[in-house]
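Structural features, examined
What follows is the residue order along each chain.
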Amino acid sequence: MSRDYSLGEIAAHLHAELRGSPETRITGLNSLKNASEGQIAFLSNPKYASQLSDCNAEAVILTAAQADTFSGSCLILENPYLGYAQLSGWFDPAPQQACGIHGSAAVHASAMVRDDVYLGPNVVIEAGAVLASGCRVEANSFIGARSVLGENCHISPNVSIYHDVHMGDHVRIHSGSVIGADGFGFAPDGTGGYQKIHQIGGVEIGNNVEIGACTTIDRGALENTIIGNGVIIDNHVQIGHNAEVGDNTAMAAYAGLAGSAKIGANCTLAGSACLVGHITVCDNVVLTARTMATKNITEPGIYSSSVTSLLPSLEWRKNAARMPQLDSMARRLKALEKKQP
Amino acid sequence: MSRDYSLGEIAAHLHAELRGSPETRITGLNSLKNASEGQIAFLSNPKYASQLSDCNAEAVILTAAQADTFSGSCLILENPYLGYAQLSGWFDPAPQQACGIHGSAAVHASAMVRDDVYLGPNVVIEAGAVLASGCRVEANSFIGARSVLGENCHISPNVSIYHDVHMGDHVRIHSGSVIGADGFGFAPDGTGGYQKIHQIGGVEIGNNVEIGACTTIDRGALENTIIGNGVIIDNHVQIGHNAEVGDNTAMAAYAGLAGSAKIGANCTLAGSACLVGHITVCDNVVLTARTMATKNITEPGIYSSSVTSLLPSLEWRKNAARMPQLDSMARRLKALEKKQP
Amino acid sequence: MSRDYSLGEIAAHLHAELRGSPETRITGLNSLKNASEGQIAFLSNPKYASQLSDCNAEAVILTAAQADTFSGSCLILENPYLGYAQLSGWFDPAPQQACGIHGSAAVHASAMVRDDVYLGPNVVIEAGAVLASGCRVEANSFIGARSVLGENCHISPNVSIYHDVHMGDHVRIHSGSVIGADGFGFAPDGTGGYQKIHQIGGVEIGNNVEIGACTTIDRGALENTIIGNGVIIDNHVQIGHNAEVGDNTAMAAYAGLAGSAKIGANCTLAGSACLVGHITVCDNVVLTARTMATKNITEPGIYSSSVTSLLPSLEWRKNAARMPQLDSMARRLKALEKKQP
């Protein structure tokens, strides 16, 4: 599939001011450093500004100020990085399957699948599932009973969606992810073992949600686990039963919400950041990498935990060995202070 | 599938004392707060006791003491939470597939599959595998050569079970999990590279084990990796080669056992807690979230590691910066103490 | 499949000096402690030397010095552990599928699949993919458009390989892993939401790479994510977009590279060790378990972070509570020192 656009088309798509010929052909998108003839590049991080003079790109997306120092073709935008993002889909080499249902797909007679849907080989759609217009479910993925995919959802290969998972429009789920598996709920049975608590809630996912690879979102124990609109989730993320994620919150790799934890809107969980069970974090909170929120957070802001500092191991060990003495050190320090005149 | 039971049936199932009419119809199970007409609820956490007066449930599972303050229909149990757990399966909306082998399942001629087994679409059963009575293997899952599933095992979609994995009865494995992949074993080859150590052991799993989604249990290097009876395992858990997990031990999300680590019976590993390789932890130990057990534990109890305290990042940074000074601080403190009269 | 070799054959394979009869039959490989008649064992860790006298193995792989104290049959090598590793494949019970394409595999007409390749049931090979000689792709795995597998690659069941992933020869990928999913790239859209950045780069993997189960390697944003030759990767590992891993580097379970992080050759990341985004770590660096590299490392060595020490929780709590006082303690200590004569 050849990708070949005119600079004029691109400028119109981005609502950018164009300096240069609108007839110029653009066949690729690349970084400032690696772009070559026929490719368009962008400058977003000022620390790469020096690369502009040596750049071989056919055209560059720039701010007005940057454009004044540049003699080549350019598109002028207030936010070149956003412009790059908006353009990136035009050069995405991911195959766009035609609609149609592969002969090996197993679709239950009671499932409702719109005519323009793509179902890849070995896809399984169970009883009562609903796939709205424009959905694409790739090879070997499973959609459980009564689950609902809104318009233009895109499910990569080998995804497992259990029963009673409801998602809005434009939900993207990458391979290996599992939506709606049982929450981790067990009651001690009084004899040292456990009685399973069947997880009879479901999962609700909003519109425009992206879910990475090998991520798990468990179904609720009684009510639903809830993911808001515009949420973006990376790989290896864990969202426990009855957790709630507010609109436009971002969760990086290994981030986790334990059962019934609630994080607000417009939050960011950096890698491995997590909330313990049953706590609530308000809107506009950032947890830095590996932070564990162990209590409610009610004020927007950036939070961290975990004393950590990268050191050569020998030096680190000397300091780490003092950890069990911290309390004693604090007390002894106080005692010394009291003795001072 | 309509769920509709009489309160009398439910009381009998739970061996509960019934206050109210045994004819009352119950069609759902819900929380005290959200239960409505026709639904049964329960009160386990005393902090929700105040919700009892406003509760719209048809009946509530209560302790005798709580029942004395309640005028509605109720079932009286010493442990209402356990009663709720025992009842939860009656209201589980998960589809119960009829037995039968889907036409697209690929079952090797030498596999032994009992007549009442369910195999979903695209299930693959390799040579010499054994599936006992009542097993259900859902779509797109794989059972390797000579692996054995005891009675009533339930394997969700897209699970991978390698060869020579032996499991007992009533084992439940959720989607995306991988049992019996190679342990991470390599010998430095003397030239800077690695020689793979083929993993020729298998995996043994006891009875009544639950394994969450995207969890991995590696096969042994020479002998087997072993999971006891009644073990419950959450999502994203890693169990390395030749690790052993004692009966009724619970492992929350991201918990891990490195190679040849052994954890006893009735232990709890909270989220991300782990054992480093080749150590042994005795029975009845709890590791709190993110604790790393770096040495043997021989006394039952609750253990933690990792200095951590949730703070606004600016404040956190000031304290974290002192980490490389801890040893110096301890020495200087001691020096000051010596100078005291 | 019977495994039955003569001791002479084994000695020749390992280039070992043989003490004993070359006709002796060896039918298994086991640990010194558990080996029985007909089995060969090895002694690598000196702390098990005392097991040598009670050993029931038919023969043992030993160093010359150890052999002098042993009266049984033995193979003498400088590095018995490496010898064991080199021999282990001869006793691997993993089934070796014959070549051939299962009738249910869906291979696109434009894919190039060599005659001696094995494709299991329900394998999907998309347009333009290339599978070189000796490749084995097991059940329910997916190979995306234009992806290339070099000679003798072995893909376990339920693996997802997206489009434009190029791997060298002898690459082994375990179940549940996902190669080439989108990197986690989004630009704030100025209204509180996110604009997806399509990930138009691919993934390049060298020769002799092993990748564990449920591991993810994301495709690049513009250029490729790169994995060198001889790299070994455990389960649940995350490699972000445009990360680079140098030759012969080892990454244990949950190790991670954030986007654009680069780790050199011959490095080791222990369990849960990670690099934050955009940093570079030089060759020959070891990060101990749970270490987070937050800045460039330019000197080979062993590095750690994270104050941590395993304690009973009550004692731990007292010390952890001092964490928010560390900076204050450091200042007060200095003040006391100033007051000293």
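This one's a predicted model, so the numbers in the text were calculated from it and none came from an experiment.

In this section: the packing of aromatic side chains. In the structure shown here, the tally under the stated rule is 24 aromatic pairs over all chains. Where A:Tyr5 meets A:Phe91, the ring centres are 5.3 Å apart and the plane angle is 90°; that geometry is what we call edge-to-face. Of the two residues, A:Tyr5 sits in strand E1 (residues 5-6) while A:Phe91 sits in the loop between helix H3 (80-88) and strand E8 (100-101), which places them 86 residues apart along the sequence. Neither A:Tyr5 nor A:Phe91 differs from the other in exposure class; each is buried. A ring pair is formed by B:Tyr254 and C:Tyr254, whose centres lie 6.4 Å apart and whose planes are at 70°; its orientation type is edge-to-face. In this pair, B:Tyr254 is assigned in the loop between strand E31 (250-251) and strand E32 (256-257) and C:Tyr254 in the loop between strand E31 (250-251) and strand E32 (256-257), connecting two distinct chains. Each member of the pair, B:Tyr254 as well as C:Tyr254, is classed as buried. Each member of the aromatic cluster is reached from another via a ring pair, and the members are A:Tyr5, A:Trp90 and A:Phe91.

Residues and elements named next belong to chain C. Structurally, the position occupied by Arg 219 is in the loop between strand E26 (216-217) and strand E27 (225-227). Of the side chains with opposite charge, Asp 164 comes closest to the buried, unpaired Arg 219, at an N-O distance of 4.1 Å. Polar contacts involving the side chain of Arg 219 include one to the main-chain carbonyl oxygen of Gly 180, which spans 2.8 Å. Within the local environment of Arg 219, its side chain forms a polar contact with the backbone oxygen of Gln 199, the two atoms lying 3.2 Å apart.

Taking 1.5 Å per residue as the helical rise, helix H5 (residues 326-339) of chain A with its 14 residues ought to reach 20 Å, and the 20 Å between its terminal C-alpha atoms agrees with that figure. When H5(A) is considered as a whole, its buried residues turn out to be A:Leu326, A:Asp327, A:Met329, A:Ala330, A:Leu333 and A:Leu336. Those residues of H5(A) hidden inside the fold are in contact with helix H5 (326-339) of chain B together with helix H4 (313-320) and helix H5 (326-339) of chain C.

Another aspect to go through is the relation of the copies chain C and chain B. Taken as rigid bodies, chain C and chain B are interconverted by a rotation of 120° and an axial shift of 0.0 Å, the fit giving an RMSD of 0.0 Å. Taken together, the rotation and translation relating the two chain copies correspond to the operation of a three-fold axis.

Our next topic: the interface of chain A and chain C. Chain A puts 74 residues into the contact, and the matching count from chain C is 78 residues. Roughly 6100 Å² is buried in total at the junction of chain A and chain C, and carbon and sulfur atoms are behind 60% of that figure. Counting across the interface, chain A meets chain C through three salt bridges. Of the charged contacts, one joins C:Lys196 and A:Glu210 as a salt bridge, the two residues approaching to 2.7 Å between their closest N and O atoms. Taken together, the connections running from chain A to chain C amount to 37 residue pairs in polar contact (both at pLDDT 80 or more). Within the residue set of the side of chain A that touches chain C, elements represented by two or more residues are H3, strand E28 (232-233), strand E31 (250-251), strand E40 (311-312), helix H4 (313-320) and H5 of chain A. Inspection of the sheet shows E40(A) paired to strand E39 (residues 301-304) of chain C by two bridges, in the antiparallel sense.

The mixed open sheet is built from twelve strands, whose spatial order is E40(A)-E39(C)-E37(C)-E34(C)-E31(C)-E28(C)-E25(C)-E20(C)-E17(C)-E14(C)-E11(C)-E8(C). Two strands lie at the open edges of the sheet, namely E40 of chain A together with strand E8 (100-101) of chain C, each paired on one side alone. The pairing of E31(C) with strand E34 (residues 268-269) of chain C spans two bridges and is classified as parallel. Paired with C:Ala250 across the two strands is C:Thr268, which belongs to E34(C).

What follows covers the domain arrangement of chain A. Each assigned domain of chain A is listed here: domain 1 (5-91) and domain 2 (313-341). A straight line from the C-alpha centre of domain 1 of chain A to that of domain 2 of chain A covers 56 Å.

With 99% of its residues at a pLDDT of at least 70, chain A reaches an overall mean of 95. Prediction confidence for the complex, expressed as pTM and ipTM, is 0.97 and 0.96 respectively.

In this sheet, strand E39 (residues 301-304) of chain B lies alongside strand E37 (residues 285-287) of chain B in parallel orientation, the contact comprising three bridges. Within the sheet, the bridge partner assigned to B:Val285 lies in E39(B) and is B:Gly301.

In terms of burial, H3(A) is largely enclosed, as seven of its nine residues are buried. For H3(A), the set of buried residues is A:Pro80, A:Leu82, A:Gly83, A:Tyr84, A:Ala85, A:Leu87 and A:Ser88.

The next point concerns unusual backbone geometry. All names here are of chain A. Despite not being glycine, Asp 164 has its phi angle at roughly 60°, a positive value. Relative to the helices and strands, Asp 164 resides in the loop between strand E18 (160-161) and strand E19 (165-167). A relative accessible area of 16% means that Asp 164 is categorised as buried. In this structure, Asn 266 takes a positive phi of about 55° despite not being glycine. Tracing the sequence through the fold places Asn 266 in the loop between strand E33 (262-263) and strand E34 (268-269).

Another point: the pattern of salt bridges. Opposite charge on two side chains makes pairing possible when the charged atoms of those side chains draw close. Within the structure shown, the criterion is met by 30 salt bridges over all chains. When the shortest N-O distance is used, the salt bridge between B:Asp68 and B:Arg19 registers 3.5 Å. Remark: B:Arg19 occurs in strand E2 (residues 17-19) and B:Asp68 occurs in the loop between helix H2 (64-67) and strand E7 (74-76); sequence separation between them is 49 residues. B:Arg19 sits in the partly exposed class, given a relative accessible area of 32%. Notably, a salt bridge pairs C:Asp4 with C:Arg25, separated by 2.8 Å at the nearest N-O pair. Of this pair, C:Asp4 sits in the segment before strand E1 (5-6) while C:Arg25 is found in strand E3 (residues 25-26), placing the two residues 21 residues apart along the sequence. Taken together, the shared-partner salt bridges connect A:Glu17, A:Arg19 and A:Asp68 into one network.

This brings us to the interface of chain C and chain B. On the side of chain B, 78 residues touch chain C, which itself brings 74 residues to the contact. With both chains or domains summed, chain C and chain B bury close to 6100 Å², and 60% of this area falls on carbon and sulfur atoms. Our count for the chain C to chain B interface comes out at three salt bridges. For the interface between chain C and chain B, the tally reads 37 residue pairs in polar contact (both at pLDDT 80 or more). Broken down by secondary-structure element, the contributors of at least two residues to the side of chain C that touches chain B are helix H3 (80-88), strand E28 (232-233), E31, strand E40 (311-312), H4 and H5 of chain C. The leading source of residues in the side of chain C that touches chain B is H5(C), at nine residues. Per-class residue counts for the side of chain C that touches chain B are 36 nonpolar, 28 polar and ten charged.

We now examine the environment of A:Gly150. All names here are of chain A. Within the fold, Gly 150 resides in the loop between strand E16 (148-149) and strand E17 (154-155). Counting along the chain gives 18 residues from Gly 150 to Ala 132, while the straight-line C-alpha distance between them is 5.1 Å. Leaving out residues up to four positions away in the same chain, Gly 150 has contacts with Ala 132, Cys 135, Met 167, Gly 168 and Asp 169.

Another point: the packing of helix H1 (residues 7-14) of chain C against H3(C). All names here are of chain C. At their nearest, the axes of H1 and H3 sit 10 Å apart, and the two run at 115° to each other. The orientation of H1 with respect to H3, classified from their angle, is roughly perpendicular. In the crossing of H1 with H3, the sense of the turn from one axis to the other is right-handed. The residues of H3 that touch H1, namely those facing Ile 10, His 13 and Leu 14, are Gly 83, Gln 86 and Leu 87.

Definitions and limits used
Residues numbered from 1 in each chain as written. Chains lettered and ligands numbered in written order. Predicted model: local features only at pLDDT ≥ 70, side-chain atom pairs only at ≥ 80, totals over all residues. Heavy atoms only, no water. Phe/Tyr/Trp six-rings, centres within 6.5 Å; stacked < 30°, edge-to-face > 60°. Helix = DSSP H or I, 4+ residues; strand = E, 2+ residues; numbered from the N terminus. Buried < 20%, exposed > 50% of the residue type's maximum accessible area, 1.4 Å probe, protein only. Lys, Arg positive; Asp, Glu negative; His and termini not counted. Salt bridge = Lys/Arg side-chain N within 4 Å of Asp/Glu carboxyl O. Polar contact = N/O pair within 3.5 Å; in protein donor to acceptor, adjacent residues only side chain to side chain. Expected span 1.5 Å × (residues − 1). Contact = heavy atoms within 4.5 Å. Least-squares fit on C-alpha atoms with pLDDT ≥ 70 in both. Buried area = accessible area lost by both parts, 1.4 Å probe. Pairing = 2+ DSSP bridges. Domains from an automatic or database assignment. pLDDT = per-residue confidence, 0-100. Nonpolar A, V, L, I, M, F, W, Y, C, P; charged D, E, K, R; others polar. Axes fitted to C-alpha atoms, helices over the stretch in contact; angles between N-to-C directions. Parallel < 35°, antiparallel > 145°, perpendicular 65-115°, else oblique. Left-handed = near helix turned anticlockwise from the far one by under 90°.

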